[in-house]
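Here is how the chains run, residue by residue.
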Amino acid sequence: METAEATQLTQTLIPFAFVVFVIAVGVALLFQKFREKLIRQRLEKEELKNQHQLDLLRSAIAVQEEERKRFARDLHDELSAVLAVGKMNSEQLALRVADPAVATEVQELQHLFQNSLQATRQISHALMPPELVSLGLEQALRNLARRLTAQHITPALQLDAATEKMPWETQLALYRMCSELMHNTLKHAEATEIHLQLQIAEAHYRLEYHDNGVGLPAPLEAPGLGLKNLEARASALGGVVHTGNRPEGGFFASVQLPLLPTSTP
Amino acid sequence: MPKLATYLTFLPLLLTMGWFALRWSCWRGPWRAFRWWLVFETVSQLLATGLALAKVNNLPLLYAYTPVGMVLLAWFYQAQFRDFLPPRVLGIGMVLFLAYCGYDIWQKDTLFQFNSEVSTLQSILVVMLSLAAYLLSLEKAAQQATKPTETGLNWINSGLFLYHASNLILFYFGELLMNDAFPDADARATWLLHFVFSAVMYLCFFIGTWKQLKPPNLPKP
């Protein structure tokens, strides 16, 4: 090869290699952009899916609460009324019966009406506690805790948050969660103490709960229905729940719910 | 000037190697294969530079550098294509490549010639593999539920793609460029361009490793 030819080849080769390099850079950048776009699209899709699931969860809980309310009202207004009339009639009947054997049966009937009325009232209150509706979350939680005292569990409540200003959804969710937690303690924990603290911290309602019982089983199994309900209720309001065992023993739950605009039942 | 370019080229390579050495046993999957390629690359480059500085012809090194480097890169890509490509496909490809390397040295080139054909073939293979890795990465980006932590690997892949695509033409004419008819200035200019491409590749490795060393990608001991 002649020197002139060699120089000509070099003069062609270098720009050509440079052009190929520029094209390769373009391909790499194009790929990178396309990849970022794909990731963004996928994240947006996932976000939409999550939002949809959250909406479904919220409406499921709202429907459940609405049904509870309706069922509690029906129990209270209709079944309780019928039972009360039955009880009244049986009392009237007892006054007119002369035969002691029949009188005893009528008395049993009276007790039956009385017990049914009491059970109906309890179910109705459990479905939608009247103190939560009329007196607010703080009083409802204190009543819940008082029931534990009867089971030889000492409750310690520290309610720093202004519960009366809380939106109804948050009050109801917190009440249901506390009720679930206390029920779990009562049923599984063999605890003698519970501690419940409710406060506002960093633009969130924060509920801290712990007991001095046996804690969750180790190794931790999949969360039970109660803990799942807890998570679902918190998620529906855009909150989070952390549960586990405390180093000093016992179970703990930490619930964080965002501050929402006030609403009424 | 070419000496300075050589040293500057090595800077990102040595830094990347240093990062890999610091967390030597922590790398998994494709990074483990890439780790060995990086060691081989660093040793080869240092040896070649040492020989060049001592005015000793370092072209015989190419006859080990090209096949061993290609096999290590094939391992690196195989680790990335694990769930998409049966290992025997790249295995057979590498056996054929090594056979061609043997044929080249036995029948065509001598140890003191530039192995143009083998280097060109290697570049074509790496460009194909890197494009396949790009496509695979796009598919993963569209499907995976969590954000992929593969940005580091993409930088490594981009470095290899840029280097081999840009040098393809230089490798093809490499033997001619070594010809005595070429004026020194022209040959030097051409190899300076090669150093620029190498520097870009090593820089991509440096960025890729740096990204991989950031949480949550940081490999744990």
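Nothing here was measured: the structure is a model prediction, and the numbers come from that model.

### Observations regarding the overall build of chain B
Regarding its fold elements, chain B presents eight helices and zero strands. Order of helices (α) and strands (β) in chain B, N terminus to C terminus: α-α-α-α-α-α-α-α. For chain B, with 221 residues in total, the buried portion stands at 49%. Long-range contacts, defined here as pairs at least 24 residues apart, represent 76% of the contacts in chain B between residues at least 6 apart. Within the structure as shown, chain B displays about 10800 Å² of accessible surface, and the carbon and sulfur contribution to it stands at 70%.

### Remarks on helix 5 (residues 168-189) of chain A
With 22 residues, helix 5 of chain A should cover 32 Å at 1.5 Å per step; its first-to-last C-alpha distance of 30 Å lies within 8% of that length. Looking one or two places after helix 5 of chain A, you find Glu-190 of chain A, whose phi comes out positive at around 55°.

### What to know about the packing of aromatic side chains
All names here are of chain B. On inspection of all chains with the given rule, the structure shows 24 aromatic pairs over all chains. Relative to Trp-27, the ring of Phe-20 lies with its centre 4.3 Å away and its plane at 20°, an arrangement referred to as stacked. Trp-27 shares its class with Phe-20; the two are buried. Look at Phe-34 and Phe-205: their rings are 5.0 Å apart centre to centre, the planes differ by 80°, and that puts the pair in the edge-to-face class. Placement of the pair is Phe-34 in helix 2 (residues 30-53) and Phe-205 in helix 8 (residues 184-212), with a sequence separation of 171 residues. Every member of this aromatic cluster is reached through a ring pair, and the members are Phe-20, Trp-27, Trp-31, Phe-34, Trp-37, Phe-76, Tyr-77, Phe-81, Tyr-202 and Phe-205. The cationic tip of Arg-35 hangs over the ring face of Trp-24; the distance from NZ or CZ to the ring centre is 4.2 Å.

### Quick notes on the nonpolar core
What tends to happen in soluble globular proteins is that the nonpolar side chains get buried as a cluster. Formed by 53 residues in total, the largest nonpolar core has its most connected members in Phe-34, Trp-37, Leu-38, Phe-76, Tyr-77, Leu-160 and Phe-205 of chain B. For this core, the secondary structure elements donating two or more residues are helix 1 (3-96) of chain A together with helix 1 (2-22), helix 2, helix 3 (59-80), helix 4 (87-108), helix 5 (116-143), helix 6 (151-172) and helix 8 of chain B. Considering every element that reaches this core, the biggest residue donor is helix 3 of chain B, with ten residues. Excluding its chain neighbours within four sequence positions, the residues that come into contact with Phe-205 of chain B are Thr-16, Phe-34, Trp-37, Leu-38, Ile-156, Gly-159 and Leu-160 of chain B. With 39 residues, the next largest nonpolar core counts Leu-132, Met-166, Tyr-205 and Phe-251 of chain A among its residues.

### Here's the deal with the packing of helix 1 of chain A against helix 6 of chain B
Where helix 1 of chain A contacts helix 6 of chain B, the two axes come as close as 8 Å, and the packing angle between them is 160°. Comparing their axes, helix 6 of chain B and helix 1 of chain A come out roughly antiparallel. Crossing geometry of helix 1 of chain A relative to helix 6 of chain B is assigned as right-handed. Mapping the contact onto sequence places Leu-13, Phe-16, Ala-17, Val-20, Phe-21, Ala-24, Val-25, Val-27, Ala-28, Phe-31 and Arg-35 of chain A in helix 1 of chain A and Thr-151, Asn-154, Ser-158, Phe-161, Leu-162, Ala-165, Ser-166, Ile-169 and Leu-170 of chain B in helix 6 of chain B.

### Quick word on the interface of chain A and chain B
Counting residues at the interface gives 24 residues for chain A and 35 residues for chain B. At the boundary of chain A with chain B, total buried surface from both sides reaches about 2600 Å², with 76% on carbon and sulfur atoms. Among the residues chain A hides against chain B, the three largest losses belong to Phe-31, Arg-35 and Arg-42 of chain A. Together they make up 23% of the total. At the surface where chain A touches chain B, the tally comes to zero salt bridges.

### What about the confidence of the model for chain B?
On average, residues of chain B score 85 in pLDDT, and 92% of them reach the 70 mark or higher. Reported confidence for the predicted complex is 0.82 by ipTM and 0.68 by pTM.

What counts, and at which threshold
- Residues numbered from 1 in each chain as written.
- Chains lettered and ligands numbered in written order.
- Predicted model: local features only at pLDDT ≥ 70, side-chain atom pairs only at ≥ 80, totals over all residues.
- Heavy atoms only, no water.
- Helix = DSSP H or I, 4+ residues; strand = E, 2+ residues; numbered from the N terminus.
- Buried < 20%, exposed > 50% of the residue type's maximum accessible area, 1.4 Å probe, protein only.
- Contact = heavy atoms within 4.5 Å.
- Areas by Shrake-Rupley, 256 points an atom, 1.4 Å probe, with all protein chains shown as cover.
- Expected span 1.5 Å × (residues − 1).
- Phe/Tyr/Trp six-rings, centres within 6.5 Å; stacked < 30°, edge-to-face > 60°.
- Lys NZ or Arg CZ within 6 Å of the ring centre and 35° of its normal.
- Core = buried A, V, L, I, M, F, W, Y, C linked by side-chain atoms within 4.5 Å.
- Axes fitted to C-alpha atoms, helices over the stretch in contact; angles between N-to-C directions.
- Parallel < 35°, antiparallel > 145°, perpendicular 65-115°, else oblique.
- Left-handed = near helix turned anticlockwise from the far one by under 90°.
- Buried area = accessible area lost by both parts, 1.4 Å probe.
- Salt bridge = Lys/Arg side-chain N within 4 Å of Asp/Glu carboxyl O.
- pLDDT = per-residue confidence, 0-100.

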